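If you want the building blocks of each chain, they are given just below.
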Amino acid sequence: MSPPILVNTSYEAPLPTLLIASTDSIFIDDIDANHNYSVVSGINKPLEISYLMRENKIFWVNQMLEFLMYDFQSTNKSKLFDLKFKPKWLTLDWLERSIYYIEENNDNFGSILNKIDLNYLDKNVIKTTEIFSTSAHISKIEVSPYTKKIYWIQTVDGLNHKIMYSNFNGTDIQEFFVPNDRKRRDASIGYCKCPTIE
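Because the structure is a prediction, the values reported are computed rather than measured.

Criteria and thresholds
Residues numbered from 1 in each chain as written. Predicted model: local features only at pLDDT ≥ 70, side-chain atom pairs only at ≥ 80, totals over all residues. Heavy atoms only, no water. Pairing = 2+ DSSP bridges. Helix = DSSP H or I, 4+ residues; strand = E, 2+ residues; numbered from the N terminus. Axes fitted to C-alpha atoms, helices over the stretch in contact; angles between N-to-C directions. Patch = residues over 30% accessible without salt bridge, like charges linked within 9 Å, V, L, I, M, F, W, Y side chains within 5 Å. Areas by Shrake-Rupley, 256 points an atom, 1.4 Å probe, with all protein chains shown as cover. Salt bridge = Lys/Arg side-chain N within 4 Å of Asp/Glu carboxyl O. Buried < 20%, exposed > 50% of the residue type's maximum accessible area, 1.4 Å probe, protein only.

### What to know about the sheet that holds strand E7 (residues 76-82)
- A sheet is described by the order of its strands in space; here 4 strands give the open sequence E4-E5-E6-E7, paired in antiparallel fashion. Edge positions in the sheet fall to strand E4 (46-52) and E7, since each of these pairs with one other strand and no more. This sheet shows a mean twist of 20° between the axes of neighbouring strands, independent of strand direction.
- Sheet analysis places strand E6 (residues 66-71) next to E7, joined by 6 bridges and oriented antiparallel. Across the sheet, residue methionine 69 finds its bridge partner in E7, namely serine 78.

### Details of a nonpolar patch on the surface
- A surface patch of nonpolar side chains, about 350 Å² in accessible area, is lined by Trp94, Leu95 and Tyr146.
- Among the structural elements, tryptophan 94 can be located in the loop between strand E8 (87-93) and strand E9 (98-105).
- Residue classification places tryptophan 94 among the partly exposed positions, given a relative accessible area of 35%.

### Overview of the pattern of salt bridges
- Tallied over the full model, the rule gives 8 salt bridges.
- Between aspartate 82 and lysine 79 there is a salt bridge whose closest N-O contact spans 3.1 Å.
- Aspartate 82 gets classed as partly exposed once you look at its relative accessible area, which sits at 47%.
- Judged by relative accessible area, which is 46%, lysine 79 ranks as partly exposed.
- Across the pair lysine 162 and glutamate 175 runs a salt bridge whose closest N-O atoms are separated by 3.5 Å. Of this pair, lysine 162 sits in strand E14 (residues 161-167) while glutamate 175 is found in strand E15 (residues 174-175), placing the two residues 13 residues apart along the sequence.
- A cluster of three or more residues bridged by salt bridges with shared partners is formed by Glu55, Lys57, Arg97 and Asp122.

Structure (structure tokens):
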């Protein structure tokens with residue numbers, strides 16, 4: 001048996017931690033060390049939250065529909081802008097440096113997918129772009145930076161849910177699982193004609 005060596009896991013292989021939002025704070029929970037580290041406290045309740053690891057920034061939307069950012073390096077919390085409608089989900093594309101979020105559209109009872117370009121944010125310009133709006137209710141979105149696709153779950157009637165996807169600009173919207181897309185075996189052909197060993 002080899003002798004044990006001392007390794008600082010923060011540098012060699014960082015252990016996963018949880019980013020948790022409570023009613024008045026955002027904190028990091030290190031489960032292995034059984035310790036919480038407060039990031040931001042004394043805030044309005046976060047509804048949606050996302051973390052840009054590469055730049056060490058947290059983005060969230062609170063109950064007052066304020067879109068906020070916390071920078072770990074400068075330890076500054078800043079309000080970016082106010083949302084018009086209640087948010088449903090928040091996700092990041094770390095390659096393109098964009099935040100995608102869903103708002104419930106109270107005007108037509110549907111959902112609006114929006115995008116914030118963080119490259120403009122670095123120049124103190126807030127540029128939000130509406131990707132698309134739909135009469136369906138979108139409950140969750142994710143992005144794939146490598147394929148440049150947006151994936152989401154939507155429902156029109158609250159019972160039947162579909163997984164959908166599109167390009168980053170909202171074009172070419174399609175169902176992920178197309179009904180009757182699979183080819184079934186024709187039962188009238190008979191039994192399997194696979195080779196057998198005798």
